[in-house]
Amino acid sequence: MQARIQHDRLCVLEAPGLGPAAQRRPRPLLLGRRSLNTYGNFASANRIHIAASKLIHISNPVSRTNCEAKADSEVKEMDINEVFIGLGDAETPVKICQTHTLPAALTVAEAVRKLKSAIADLKSCPPALESGILRFQVPLPQDVKALDWLRCQGQSSRLFPRCYFSPKSSHGHIDESKTNGLNKHMNQRNKNILKGVAGIGSAVLFKSLNRFSANDWKAIRRFLSVDSPLIRVYGSIRFNSEAEPSLEWSGFSFFYFVVPQIELDEFDRCSFLAATIAWDNSLSWTLKNSLNKLELSLQQVSCEIKKTGNRLHVAGIKKDHLPDEPTWEAAIQEFSKAANSSFRKVVLARRTQLRTETEVDSLELLACLQEKDQDFFQFYLEVDASTSFIGSTPQHLFYRNGLLVSKEVVAGTHLRGCTSVQNSLFGLDLPQCSEDDCDFDIIEADIKRQMELTCKHVVTDAKVENLYTCLTGELKNDMDEFYILSSLHPSSVICGHSREAARYFINQTETFDRGMYGGPVGWFGGKDADFALATGSALVQKGRGSRIFVYSEAGIVKSSKLYDIWQELEFKTRQYESLLEPYTHLEIFPNMNAVWAFLIVEECCRLGITYFCIAPGSRSSPLAVAAAQNRHVSCISCIDERSLAFHALGYGKGSYKLAAVITSSGTALSNLLPAVVEASQDCIPLLLLTADRPPELHDTGANQTINQVNHFGSFVRYFSNLPPPDDKVPARMVLTTIDTAVFRATQEPFGPVHINCAFREPLAGVSCQWNLGSLKGLNMWMSNREPFTKHIRVTQFQFSEELMNTYGQYKEVLDLIGGASRGLLILGCLQTAEETWAALSLAKHLRWPVVPDILSGMRLRKLPFATAESEFSLCFIDLLDHILLGNSVKNWVSPDVVVQVGSKLTSKRVAQLLEDCAPHAYIMVQNHPYRHDPSHILTHRIQASVVDFAVIIREFCTPKEMGSWCKWLQVLNNMVEWEISFQLNADPLLTEPYVSRAVSQSLFPESVWFLGNSMAIRDADMYGLSWSKLPVGLTIDGLGTAIPFSGLRVVGNRGASGIDGVLSTAIGYATGSNQRSDLLLLFWS
């Protein structure tokens, strides 16, 4: 649906980031048939699309200064609860539907500021259009997660509705026949995959007390456009469109769809914080209304994102079923009488009400579901502060891309196994169950018949071992999207066969309202649509505790037995019941060893430590048992403590979280030393929980007893020697010790911490009388899920121009960088995506030559995104190490100012260059106080994060142009690259340089390359190749406006640069990163 222009007088939208003089000049708002979705400011985008767009200037724009007071009063008078209902006109598209991508931000706070500025600019000079929808989006680093952002918005905000949708990671996307072989595989790898969308508020809302009709669908479609694919309408439709909603479902009406006012879109390569405004004068909602409401909403957005653990502690759980078991049995008997050749199956539902005395956070419940079922479709729809609809379902309704449609069919229910092997065996057992097999055949035949009504061709791709089929087809026209939704809903998966007879039987039999349960849930978009079946769902209501209505279903055929059906219902309800963890009463533990071990593990979980690496040993058994019994903990064991510690180190590198290591006493902990040294040198957090003998056994020759006090010396950030568990010592001392240790491990500089835990016999669960008085002061801790001691990090100051001028050291650095004529930016090891984004943002601002280390994430660049020349706007000097082999060139390469972000460099020749040329200023930026200056040449050392430093430079420093310096280095780099490629291709022997080059070429952007030390990492740094051009057949999806390319993640143990522990660290990294990635090891001596 293309945007239309019918007015010839349009106002301007000012480009963010321009100076005051430039901002006083009127600039055009791009309106036309193409969406504005390019990297950079609006002015540059207008130049790109000027041939295809209608650009109109208006002179004398309204002065923002003169109307600020009036605008502020209008915003204050605006009721944030006013809602724009978009139903009405079903034929005329809105006059404009566009997406504007603003320059990338490093933090959510910066993104909000950019959105506020863009909205203020638009408000000062609004377009004279009767209707429209505009989306402003700011790219963010990929580690900003949608669900984390939504959970941090808090109930104090009045922004409703709220929604979250996460598509299945493996649902049946369209497999286009034109792609084949390598090109097809690369196209799949190139997709910027949506991982989750969170939204608050409504730009436009669609709901009604009438059934969802074609006119309602048309009213939604008029706000959508193929050219703005991320403007989407999210929501759900009732299962039963014939009956009025019951009281608990009244807020959702017959259907409920919303375009979020503010949303965070999480992709696998970046995230977007977006704000959307929609208006239609004919529906009594003006652009002024929309802008005022959005300004109010942006003031309430929380910019702080805390990654909290997923824990649900509740009290007083009561449960009842509707219908109960006798009533269910009667329904089965009734169906047996009614069943015939055309009415072969009915799907009946049960509503289980779980009542709790404490309130349940529905978002936290959803986070627990997502953690458990990562491959399912998760959804969340909160219409007000007291009612939300959540779910996690494997049942997919349909996916549309253009006119191509796919539909997954899944049937059969089986208990989960404890391992993936058991789950596979259960999957193989499904076809042997005649009832499941019959059920699957009925469903597949019915869905295929319904799809053939609206699709030209329907093709089946079956996986019988999992009772799975994917049906694909092509719609005849755009209008058929509504009809395929109508034909597939209600689905035979949740209704029965024949559907008409099954629906009648359900209406006559069930005594409760299914509401949105069992209906379609998902989104419509201009380019695509994705809907799931709302099974595995629950309605959560708050108020004097919580009521959770959990819905489950079971298919009934003539041979069904009550016991089997009831067990299936219990199994499906258990996915919610198992997450509602009752309070643990410490009085039940048999002895003080068990109490203290429980406290240690539980406090670790509350602090976000859920991965425990356990070495065998009897003295550490209380800790091992406590970890194994905690349902939120993942345990891995290994008989070799050395490998186990490196595995935990790798987990910390990949997840950016602590792993806990549990060992027995004696030399067991001595084996941890190499990994502890590496973690200390590389600033990786790690928690060591080492068991010990009690004091009376020390210096007595007792078995496995050594002096474990300060065993790792200065390589740990914190050490505590706990006494043996004793009921005369307040148990809360254990909690504060853990809190302190974890805080020190995660405070700059990050690193390992060591807690030595002495235990007396008995180590097993032998009952020993102990004094409950030691639990004094733990009542509040037991009644919530928070750590005992909360360490709050306060930002010391907010950056401002006045403050920067008062800080002489900062001003000196800014002057040095601003006055440099031959600047050089060096990127060392960067640990996170946020750091990589900040470094890239810094490079784009400085426009200096950039020397990326192999561990920077920018050395092996894959996949340029927006334009062919985007990479070349940055001057990357990948092969400076080779360039410096020539003495004449070496003498010429003499920078006057060097800025290095990140830790130590791999290249010896680059380090030697910096020592020999002695630049006028050598500025090191690191977030720890350690002196990484072996040549003693640093002139300025800034202890700050890369993000904070980049913000300062971008805000207060204007660097000089360095055209000739950059071009000359770029020419040298290209010449060396050509020579290396010629030599390696002319004589392709299996040499170390050839292997390094070949591997770097074969890896995809989502791959991870783990390198050993010595020559392996140096060869990769010297001979690794970036994609300077796109491979044949690899296309760009248009969403990569955040950064011009994707950097391949390269990892290594470069803290102490040892050659041991490579394999264990790599496996730990793969576990911690929790992403679908290729992990390639490369090491040689």
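Just above, that's the structure.
I will try to describe carefully the structure that is included in this document. (Residues numbered from 1 in each chain as written. Predicted model: local features only at pLDDT ≥ 70, side-chain atom pairs only at ≥ 80, totals over all residues. Heavy atoms only, no water.)

**Some points on the environment of L247**
Then comes step 1: With respect to the helices and strands, the residue L247 is situated in the loop between strand 7 (232-237) and strand 8 (255-267).
Then comes step 2: Residue class for L247 comes out exposed when judged on its relative accessible area of 75%.
Then comes step 3: Separated by 266 residues in the primary sequence, L247 and D513 place their C-alpha atoms 9.3 Å from one another. (Helix = DSSP H or I, 4+ residues; strand = E, 2+ residues; numbered from the N terminus. Buried < 20%, exposed > 50% of the residue type's maximum accessible area, 1.4 Å probe, protein only.)

**Here's the deal with helix 7 (residues 214-221)**
Then comes step 1: The buried count for helix 7 comes to 6 of 8 residues, which makes it a mostly enclosed element.
Then comes step 2: Residues of helix 7 that are buried: A214, D216, W217, A219, I220 and R221.
Then comes step 3: Contacts from the buried residues of helix 7 go to strand 6 (194-208), strand 7, strand 8, strand 15 (396-401), helix 13 (480-488) and strand 20 (520-525). (Contact = heavy atoms within 4.5 Å.)

**With respect to the packing of aromatic side chains**
Two measures describe an aromatic ring pair: the distance that separates the ring centres and the angle between the ring planes.
Then comes step 1: The tally for this structure, following the rule as stated, stands at 34 aromatic pairs.
Then comes step 2: Seen in terms of ring centroids, W249 and F389 are 5.3 Å apart; in terms of plane orientation they differ by 75°. Their pairing is edge-to-face. One end of the pair, W249, is in the loop between strand 7 and strand 8; the other, F389, is in strand 14 (residues 387-393), with 140 residues separating them in the sequence. Taken individually, W249 and F389 each receive the classification buried, so the pair is uniform in this respect.
Then comes step 3: Three or more aromatic residues link up through ring pairs in this structure, and these residues are F212, W217, F255, F257, F398, F482, Y483, F524 and F531.
Then comes step 4: The aromatic ring of F254 is capped on one face by R238, whose charged end is 5.6 Å from the ring centroid. (Phe/Tyr/Trp six-rings, centres within 6.5 Å; stacked < 30°, edge-to-face > 60°. Lys NZ or Arg CZ within 6 Å of the ring centre and 35° of its normal.)

**Side note on the nonpolar core**
Then comes step 1: With 116 residues, the main nonpolar core has W328 and I817 as its most contacted residues.
Then comes step 2: Those residues in contact with I817, other than ones at most four positions away along the chain, are L846, W848, V899, I923, F949, I953 and C957.
Then comes step 3: Counting 96 residues, the second largest nonpolar core, distinct from the first, contains I119, I277, A278 and L475. (Core = buried A, V, L, I, M, F, W, Y, C linked by side-chain atoms within 4.5 Å.)

**A look at the side chain of S225**
Then comes step 1: Secondary-structure assignment places S225 in the loop between helix 7 and strand 7.
Then comes step 2: The exposure class of S225 is buried, given its relative accessible area of 0%.
Then comes step 3: From its side chain, S225 meets the backbone nitrogen of D227 in a polar contact 3.1 Å long. (Polar contact = N/O pair within 3.5 Å; in protein donor to acceptor, adjacent residues only side chain to side chain.)

The analysis is restricted to geometry; functional conclusions fall outside its scope.
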